[in-house]
Amino acid sequence: MRDATQHQQDFTELAQHAFADNGYVPSTALLKATAKGLVRLADPSPVAVRVDVDVSFDDMLRSCAGA
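Here the structure is a predicted model, which means the values were calculated and not measured. (Residues numbered from 1 in each chain as written. Predicted model: local features only at pLDDT ≥ 70, side-chain atom pairs only at ≥ 80, totals over all residues. Heavy atoms only, no water.)

Enquirer: Before we move on, could you go through a nonpolar patch on the surface and cite the residues and values that matter?
Expert: On the surface, a nonpolar cluster with roughly 380 Å² of combined accessible area is contributed by V55, F57, M60 and L61. The class of V55 is partly exposed, set by a relative accessible area of 36%. (Patch = residues over 30% accessible without salt bridge, like charges linked within 9 Å, V, L, I, M, F, W, Y side chains within 5 Å. Areas by Shrake-Rupley, 256 points an atom, 1.4 Å probe, with all protein chains shown as cover. Salt bridge = Lys/Arg side-chain N within 4 Å of Asp/Glu carboxyl O. Buried < 20%, exposed > 50% of the residue type's maximum accessible area, 1.4 Å probe, protein only.)

If you want it as structure tokens, here you go:
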């Protein structure tokens, strides 16, 4: 398994090539932000730990509101 730095570098290069293919020269900050976004898209979504199928909409709202 590659480390996170190598993974980030791969996506930085991918973003750089994508920008270059479209004739755009991004700033360093935009290039880093784009690479971070690509890393997040490539990582699998976290799995819900607890799934309540029988929860009502009102109970869900109360839970989200911290009530």
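Let us keep going from here.
Enquirer: So what's going on with the packing of aromatic side chains? Which residues, and what values?
Expert: One pass over the structure, following the stated rule, counts one aromatic pair. Ring geometry for F19 and Y24: centres 5.5 Å apart, planes at 50 degrees, overall tilted. According to the relative accessible area criterion, Y24 is partly exposed, its value standing at 43%. (Phe/Tyr/Trp six-rings, centres within 6.5 Å; stacked < 30°, edge-to-face > 60°.)

Enquirer: Help me get a handle on the environment of D59, residues and values and all.
Expert: Locating D59 in the fold gives a position in helix α3 (residues 57–65). There is a polar contact of 2.8 Å between the side chain of D59 and the side chain of R62. (Helix = DSSP H or I, 4+ residues; strand = E, 2+ residues; numbered from the N terminus. Polar contact = N/O pair within 3.5 Å; in protein donor to acceptor, adjacent residues only side chain to side chain.)

Enquirer: Before we move on, can you summarise the environment of F11 with the specific residues and values?
Expert: You can see F11 is positioned in helix α1 (residues 4–21). Along the sequence, F11 and K36 sit 25 residues apart, while their C-alpha atoms lie 7.7 Å from each other. Leave out the neighbours within four places in its chain, and F11 touches A35, L38, V39 and A42. (Contact = heavy atoms within 4.5 Å.)

Enquirer: So what's going on with helix α2 (residues 28–42)? Which residues, and what values?
Expert: The end-to-end C-alpha distance of α2 is 21 Å, a good match for the 21 Å that 15 residues give at a rise of 1.5 Å each. Three or more residues of α2 are buried, namely L31, A35 and V39. Along the axis of α2, the buried residues cluster in a sector spanning 75 degrees; they form a single face. Residues of α2 that are exposed and angled more than 90 degrees away from the buried face: A29, R40 and L41. (Expected span 1.5 Å × (residues − 1). Arc of directions from axis to C-beta.)

Enquirer: Residue-level account of the side chain of T12, with values.
Expert: Turning to its location among the elements, T12 is positioned in helix α1. Residue classification places T12 among the buried positions, given a relative accessible area of 17%. Dropping the residues within four chain positions of it, T12 is found in contact with L31 and A35.

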